[in-house]
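Below, each chain spelled out in residue letters.
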Amino acid sequence: MANIELNEIAHSYLSKPEDEADYALKRIHTVWEDGGAYALLGPSGCGKTTLLNVISGLLTPSQGRVLYNGKDVTALSPEKRNIAQVFQFPVLYDTMTVSDNLAFPLRNRGVPKNDITRRVDEVAEILDLTSFLKKKAAGLTADAKQKVSLGRGLVRSDVAAILFDEPLTVIDPHLKWRLRRSLKQIHEQLKLTLIYVTHDQMEALTFAEKVVVMYDGDIVQIGTPQELFEYPEHRFVGYFIGSPGMNFLECAVDGDMARVDAMGIKADGIKLDSPTAALARQATGKLELGIRPMYLQLSAEPVKHGVEAQIKLVEDQGSCKIVSLSLAGKTVRARLPEGKPVPGGKVWLVFPQQKIRLFDDGRLINKTY
């Protein structure tokens, strides 16, 4: 296992990059702690796979250093870094049995036969592959092949880290939760350093102890699932995490009231607590109020600190209802539990003060945890 440090890493695929826009990775400096379970989360094209390839040694960064337990490994190949990598599509020896595929990385390193058998049996049981051990890999379904590929990455207990590049893409959705649970079980047993790349927030939030969110070639936040949900440090995190994502309303602060007047339409002010209002008055950039849909409260009657809005659409998702509303010409969404009645037409929205987040040019300013 290893402590992995990325020291001022930047990378461009151009031979002569001229400005920041030419870089796929932009000056990343962070540490992945020994034995941690991390998810690297972000949309397609944000730099996740590029960063993973820098960590693994498949790619040498344009700038910066990669350190494993304090040792500079920037120029070392993946084999010399002692890592295992599981890719999006399974890489197997089709003519070998499942057992031989799982055993191959251990035999390659001269591990004693008894230890190989024990380790293969352990991994096969965790991944529900025991009944397939004597079957040839060529005859397996895509799901089973990817489980074997996962097993090949997990079978070594001496690795510095195991890197997963969207490994559940080809897995049936109904099996994904079982495999995520298996990966968590393996991590709890062996305390290996696991880095899991995905664009699926559900995979990231249910697998990882810490989620690393990437946007436009940069790491914008590292935190627990709860920290990312409650205190997104960057506007993108608020938008990307949650279904639906955080509501954002451009506003101006007058005293302790945030006003979201827009398109010539006046709206009642949204009450802020005193510390938040004070921070808002110090903002120098574009000020936005953010709130999660599940925290917005709807009232059919005027209520203290309520803001008048108009219901536009109600989507019944079975376990909840997503209500889209017009507030001063802007659309906001509220998430109501199933069974809670939805008023018709005009309503009053209540913004709980402790759930309001304010962003100055996209950065959170009232972080309190």
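Residues numbered from 1 in each chain as written. Predicted model: local features only at pLDDT ≥ 70, side-chain atom pairs only at ≥ 80, totals over all residues. Heavy atoms only, no water.

### Section: the pairing of strand 7 (residues 161-165)
Counted only if it meets this: Residue burial is assigned from relative accessible area. The probe radius is 1.4 Å, only protein chains are included, and a residue is buried under 20% of its type maximum, exposed over 50%, and partly exposed in between. The way it works is that DSSP assigns letters per residue, a run of H or I at least four long becomes a helix, a run of E at least two long becomes a strand, and they are numbered from the N terminus. In short, DSSP must find at least two bridges between two strands for them to pair.
The buried count for strand 7 comes to five of five residues, which makes it a mostly enclosed element. What you see with strand 7 is no split at all: Ala 161, Leu 163 and Asp 165 on one side and Ile 162 and Phe 164 on the other are buried throughout. Note: strand 6 (residues 83-86) against strand 7, four bridges, orientation parallel. By the bridge assignment, Val 86 is partnered in strand 7 with Phe 164. One ladder, built from four bridges, connects strand 7 with strand 8 (residues 194-198); its direction is parallel. Across the sheet, the residue bridging to Ile 162 is Leu 194, located in strand 8.

### Let's talk about the sheet that holds strand 21 (residues 357-360)
One open sheet accounts for four strands, arranged 11-15-21-22; its pairing is antiparallel. Two strands lie at the open edges of the sheet, namely strand 11 (247-250) and strand 22 (363-364), each paired on one side alone. Where strand 15 (residues 287-291) lies against strand 21, four bridges are found, and the strand directions are antiparallel. Paired with Leu 287 across the bridge in strand 21 is Asp 360.

### Digging into the nonpolar core
As a reminder, the rule being used: Only buried residues count toward a nonpolar core, which is a set of Ala, Val, Leu, Ile, Met, Phe, Trp, Tyr and Cys residues joined through side-chain atoms within 4.5 Å. Contacts between residues were defined by any pair of non-hydrogen atoms, one from each residue, lying within 4.5 Å.
Counting 47 residues, the largest nonpolar core has Ile 162, Phe 164, Phe 207 and Val 211 as its most contacted members. Apart from residues lying up to four places away in sequence, Val 211 is in contact with Ala 39, Leu 41, Ala 204, Leu 205, Gln 221, Ile 222, Gly 223, Pro 225 and Leu 228.

### Some points on the packing of helix 5 (residues 142-154) against helix 6 (residues 173-190)
Heads up, the condition is: Under this scheme, a helix contributes an axis fitted over its contacting stretch, all axes are lines through C-alpha atoms, and angles between N-to-C directions fall in the 0 to 180 degree range. Should an angle fall under 35 degrees it is called roughly parallel, over 145 degrees roughly antiparallel, and 65 to 115 degrees roughly perpendicular, with every other angle called oblique. Gly counts as polar in this scheme, as do all residues outside two lists: the nonpolar Ala, Val, Leu, Ile, Met, Phe, Trp, Tyr, Cys and Pro, and the charged Asp, Glu, Lys and Arg.
The interhelical angle for the contact between helix 5 and helix 6, taken along N-to-C directions, is 10°, at an axis separation of 12 Å. Relative to helix 6, helix 5 is oriented roughly parallel. On helix 6, the residues touching Asp 143, Lys 147, Leu 150 and Leu 154 of helix 5 are Leu 175, Leu 179, Leu 183 and Ile 186. Split by residue class, the contact of helix 5 with helix 6 holds six nonpolar, no polar and two charged.

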